[in-house]
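Observations on the model geometry
Spelled out from the first residue to the last, the chains are:
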Amino acid sequence: MISTMECAADAQSLISISLMKIHNSRTQRGGIKLHKNLLVSYVLRNARQVYIKEKYAEIYRMQQYEEVMTVCNEIQELNPLDLDAEDAEDEEQAAAHARTSSAIFGCSSLDDCSKEPDPCYYRSCCMEPSPVPHCDQFTANNSSSSSHCNKTTVLDLDTHVVTTVENGYLHQDCCCCDALQCGQGARSPARKRKVEFSCCVSDVEDVSDFTAARKRVKREDCCYSNIDYTDTSNISNLISIFGSGFSGLLSRQSDLEQICSKQVLASLGAWTRAIVAF
Amino acid sequence: MKCFSRYLPYLFRPPSTILSSTCHTEADIISTVEFNSSGELLATGDKGGRVVVFQREQESKSQPQRRGEYNVYSTFQSHEPEFDYLKSLEIEEKINKIKWLPQQNAAYFLLSTNDKTVKLWKISERDKRPEGYNLKDDDGRIRDPSTITSLRVPVLQPMDLMVEATARRVFSNAHMYHINSISVNSDYQTYISTDDLRVNLWNLEITDRSFNIVDIKPANMEELTEVITSAEFHPQQCHTFAYSSSKGSIRLCDMREAALCDKHCKYFEEPEDPSTRSFFSEIISSISDVKFSHNGRYLMTRDYLTVKVWDLQMENKPLETYQVHDYLRGKLCSLYENDCIFDKFECVWNGSDSVIMTGSYNNFFRMFDRNTKRDVTLEASRENSKPRAILKPRKVCVGGKRRKDEISVDSLDFSKKILHTTWHPHENIIAVAATNNLYIFQDKVN
C-alpha cells in the first residue's frame with residue numbers, strides 16, 4: 001500500500017508532472033509512446049488515490065472539529081434540566097452528526113485508500129414505519145411541514161438511500177428507498193429531484209470542492225409526530241446502530257467508495273480519457 | 001571475477017564529421033549494439049538511422065598486441081525519417097534493434113528496425129570489378145554502338161576492397177504501434193517483430209505478408225493495462241518464444257498449440273512486495289529486456305532496479321535476483337521528473353551463461369557472476385580507459401562516510417547511461433555503448 005507519509009502536496013505535484021508529461025508526449029517526435037504514457041497514467045492514478053484520501057481525511061477532520069465545537073457550544077448554552085424540544089433535537093442532531101462523523105472517520109482504513117465515504121452519508125434504522133407509501137406524498141407534505149418539526153432528509157443520488165435526521169434520530173426513509181429501488185434503473189437521471197439545499201449541509205459543501213462536486217439532494221420534510229424525544233432507548237439504539245454499522249459501512253463502503261470516488265473525480269474525467277485517446 | 005578486472009579497452013566512435021570528443025549530436029547516440037554469431041562482426045545502430053559494422057582483425061604474429069582489435073568495416077544509412085500522412089505522425093529513423101542472421105555464404109545479413117519498418121541488409125565485399133565492357137566505358141558512360149569496331153571479353157580486375165550494403169528486403173506496414181524488438185528464429189527462415197500490443201511472424205523471404213501470433217490489444221483501449229515490452233525466440237526450440245510485459249510478467253508461448261498464441265503455456269511473475277509499494281511501483285516493475293540463456297534453460301529479465309534469472313521450469317518466482325542500483329529506490333521521484341525512470345536497460349549473458357551484465361548510470365555497468373555470487377561495477381569513460389589500462393572496480397556510496405574512491409549517489413551523472421551492451425558469443429569481449437561512444441573491452445592477454 002502506498003505510504004500514508006506521502007502527503008497530498010507530493011501527490012498533487014506528481015499529478016501536475018504527470019499531466020505535463022502526457023501533454024508533452026503529444027508533440028514529441030515519433031508520436032505518442034504508448035508504453036510510457038501507460039506508465040505515466042499509473043503514476044497519475046496512484047497520486048490521485050493518495051490525494052483524494054488525504055482530502056477526505058482533511059474533510060473529516062474539519063467536519064469533526066466543527067461538529068465537536070458546535071456541540072460544545074450548545075452544551076454550554078443549554079440547561080440540561082429544562083430542555084426545549086427544539087433545542088433537544090438540535091443537540092441530539094449535532095451529537096448524532098458528531099458520532100456519525102467520528103464513526104465514519106474512525107472506520108476508514110488505509111486499505112480503503114482513496115475510497116472514503118461521503119461524510120454526509122448516514123446509516124440508520126427506521127425508527128418507525130413510514131406512514132407515507134409513496135415518495136410524492138413526501139413532496140406533497142413538504143408544503144405543509146410543521147413549524148415545530150426540525151427534520152433534515154438527505155437523498156444520496158448514488159446509493160438512493162434517503163436518510164432523515166429528525167429530532168436527533170436518524171431514519172432511513174424506507175418508502176423512498178423502496179420507491180427508488182423499484183425503479184432500478186435506480187441511477188437514471190429521472191430519479192434526481194432538484195430541491196433547495198438546506199443551510200445545514202451547505203456549510204459542509206463549502207468545505208471542499210470534492211463534496212461540492214457531489215450530486216446531493218436535500219429537502220426538508222415532515223416530522224413524525226409521535227416520537228418521544230427523551231426516550232433513552234432510542235439513544236442506545238443509535239449507539240448500537242453505529243456499533244453494528246461499522247462492518248456494514250466497511251462492506252458497503254467498497255461499493256459506495258467506488259461510486260463516491262467516481263463522482264468526486266467527475267471533474268477530472270476529461271484528462272483521464274485524454275490519456276487513452278490514441 | 002578475475003577476468004573482468006583486467007581489461008584492455010578500446011575506444012571507438014562512429015565516424016562522423018560533426019562528432020567531437022566533448023559534444024555530439026542527437027543522431028550520434030548509439031541505440032543498439034549486437035555481435036554476430038561468430039563474434040567476428042559487431043554492429044551498432046544510432047538515432048540517426050545509421051548502422052556501423054566493426055570487424056575484428058585477424059590475428060597477426062607480427063603484431064600480437066593488436067590481437068583482435070575491431071575496426072570499422074561498413075557504414076550505411078539503414079532508415080530515413082518518414083512521415084505518416086494519414087496519422088500526421090513523424091516516424092523516427094532511430095534504429096531500435098539489430099539482429100544478425102547466421103552466415104551461410106561469403107556475405108553477411110542483418111535485420112535492422114526502427115519504429116515501423118524492418119529491413120534485411122546484405123553486407124558483402126567486393127574486391128574485383130569487371131572491366132572491358134563493349135557498350136560502356138570504364139567510367140560507365142554509354143558508348144555509341146556505331147563507334148564499336150571490335151568486340152572484347154570483359155575481365156575481372158582486382159580493386160581495393162569495398163564493402164557494400166544493400167537492402168534486400170523491406171518489411172513494412174505491419175505495425176500500428178512502435179516496434180521494440182526483433183528476434184530471428186533458430187530455423188533461420190522466420191523471425192518475429194514485436195510492438196507494444198502485437199507480435200508478428202515473418203518469413204525472411206516474404207515481405208508482403210506477416211502473421212499475427214500475439215495480440216493483447218483490448219477491444220476498448222481505455223481498458224488497456226499492459227503492453228508488450230520485448231520478445232525473443234528460444235535459442236533452440238523453433239516453436240517457442242517469450243515476451244515480457246510492462247506489468248513485470250513473462251509469457252512463454254508455443255506456436256504449435258494454436259495459430260494465435262494469446263494463451264501462454266507458461267507465465268512467469270513474482271508477486272509484488274506490498275512493503276515496497278510506491279507511486280512508481282508499476283514503472284519500476286516494467287520489464288525492459290528479456291533474454292534466453294544460450295543453453296535455453298533460463299530467462300533473464302531486466303526491470304528498472306534489478307536483473308532476474310528465471311528457470312523455465314519454475315514460474316512463481318525467479319531463480320536469482322540481482323540488485324543493479326538499489327540506491328536509486330529513494331530517488332524515484334526525481335528520476336520520474338527527469339524521465340530517467342523510463343530508461344530501458346538491456347541485459348546480456350556471457351557465452352557460458354555464467355555471468356550476466358547490464359548497464360547503469362554514470363557510465364557504470366555491472367556484472368554478476370552467477371556461480372560465485374560476486375558482482376563488480378565498472379565504468380566506461382575516456383579518463384579511465386587508456387589503452388591497456390586495467391579497469392578499476394567502482395563503488396557507489398549509499399550512506400555514511402564516503403571513502404576516497406567511492407562516488408556518492410547524489411554525484412551520479414544521470415545523463416550518462418549505459419543502456420546497450422553486448423557480449424561476444426565465445427570470448428570475454430564486451431561492447432558497451434555510452435551515449436555516442438562505443439567501448440570495447442576484452443580480457444587482457446599476457
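In this report, the structure presented in the accompanying data block is examined. Just so you know, the residues in each chain are numbered from 1, in the order the chain's sequence is written. As a convention, the first chain written is A and the first ligand written is 1, with the rest following in written order. Totals for whole chains, interfaces and linings use all residues, but because this is a predicted model, local features are given only for residues with pLDDT of at least 70 and pairs of side-chain atoms are given and counted only at 80 or more. Side-chain figures throughout are based on the complete set of non-hydrogen atoms in the structure, without hydrogens or water.

Topic: the interface of chain A and chain B
Contacts: residue pairs with any heavy atoms within 4.5 Å of one another. In this complex, chain A contributes 27 residues to the contact, which on the side of chain B involves 32 residues. Note: buried area is the sum, over both parts, of the accessible area (probe 1.4 Å) each one loses when the two are combined. Between chain A and chain B lies a buried interface of about 2,700 Å² when both sides are counted; carbon and sulfur atoms form 63% of it. Broken down residue by residue, the surface that chain A buries against chain B is led by Arg29, Leu34 and His35 of chain A, which jointly contribute 25%. Any carboxyl oxygen of Asp or Glu within 4 Å of a side-chain nitrogen of Lys or Arg constitutes a salt bridge here. The tally of links from chain A across to chain B stands at seven salt bridges. A 3.5 Å cut-off defines polar contacts: any pair of N or O atoms within that distance qualifies, except that in protein one atom must be a possible hydrogen donor and the other a possible acceptor, and neighbouring residues in sequence count only when both atoms are side-chain atoms. At the junction of chain A with chain B, the criterion picks out 16 residue pairs in polar contact (both at pLDDT 80 or more). At the level of secondary structure, the elements contributing two or more residues to the side of chain A that touches chain B comprise helix H1 (8-25) and helix H2 (34-77) of chain A. Numbering of helices and strands runs from the N terminus, with a helix taken as a DSSP run of H or I at least four residues long and a strand as a DSSP run of E at least two residues long. The biggest single contributor to the side of chain A that touches chain B is H2 of chain A, with twelve residues. For this scheme, ten residues count as nonpolar: Ala, Val, Leu, Ile, Met, Phe, Trp, Tyr, Cys and Pro. Four count as charged, namely Asp, Glu, Lys and Arg, and the remainder, Gly too, count as polar. Here the side of chain A that touches chain B is composed, by residue class, of 15 nonpolar, five polar and seven charged.

Comments concerning the sheet that holds strand E2 (residues 30-35) of chain B
All names here are of chain B. Paired strands, as defined in this entry, are two strands with at least two bridges between them according to DSSP. Ordered by their spatial adjacency, four strands build an open sheet running E2-E3-E4-E5, and the pairing between neighbours is antiparallel. Every other strand in the sheet has two partners, leaving E2 and strand E5 (70-77) as the edge strands with one partner each. For this sheet, the mean angle separating the axes of adjacent strands, direction not counted, is 20 degrees. Relative to strand E4 (residues 50-56), strand E3 (residues 41-46) is paired through five bridges, and the arrangement is antiparallel. Paired with Gly45 across the bridge in E4 is Val51. Between N-to-C directions, angles span 0 to 180 degrees; the directions come from axes that are lines fitted to C-alpha atoms, helices contributing only their stretch in contact.

Things to note about the pairing of E4 of chain B
All names here are of chain B. Of all seven residues in E4, five are buried; the element is thus mostly enclosed. Counted along the chain from E3 to the antiparallel partner E4, the turn is three residues long, and its residue Gly49 has a positive phi close to 85 degrees. In terms of strand pairing, E4 meets E5 through seven bridges, oriented antiparallel. Within E5, the residue paired with Gln55 across the bridge is Asn71. Type-normalised accessible area, obtained with a 1.4 Å probe on protein chains alone, sets the label of each residue: buried when under 20%, exposed when over 50%, and partly exposed for intermediate values.

Description of the pattern of salt bridges
One pass over the structure, following the stated rule, counts 35 salt bridges over all chains. Across the pair Arg50 of chain B and Asp46 of chain B runs a salt bridge whose closest N-O atoms are separated by 3.0 Å. Of the charged contacts, one joins Lys392 of chain B and Asp405 of chain B as a salt bridge, the two residues approaching to 3.5 Å between their closest N and O atoms. With Lys392 of chain B in the loop between strand E27 (375-379) and strand E28 (396-397) and Asp405 of chain B in the loop between E28 and strand E29 (407-408), this pair connects stretches of sequence that are 13 residues apart. Residue Asp405 of chain B is classed as partly exposed on the basis of its relative accessible area, which comes to 44%. What emerges from the salt-bridge pattern is a single network uniting Arg29 and Lys33 of chain A together with Glu90, Glu92 and Glu93 of chain B.

A short note on the nonpolar core
What tends to happen in soluble globular proteins is that the nonpolar side chains get buried as a cluster. By size, the foremost hydrophobic cluster in this structure holds 33 residues, and its most contacted members are Phe280, Ile283, Tyr304, Leu335, Tyr336 and Ile341 of chain B. When contributions to this core are tallied by element, the ones reaching two or more residues are H1 and H2 of chain A together with helix H1 (281-285) and helix H2 (332-337) of chain B. Among the elements that line this core, the one with the most residues is H2 of chain A, at seven residues. Counting residues in each nonpolar core, the second largest holds 16 residues, with Val348, Val355, Val376 and Ala380 of chain B among its members. In plain words, nonpolar cores are sets of buried Ala, Val, Leu, Ile, Met, Phe, Trp, Tyr and Cys residues tied together by side-chain atoms within 4.5 Å.

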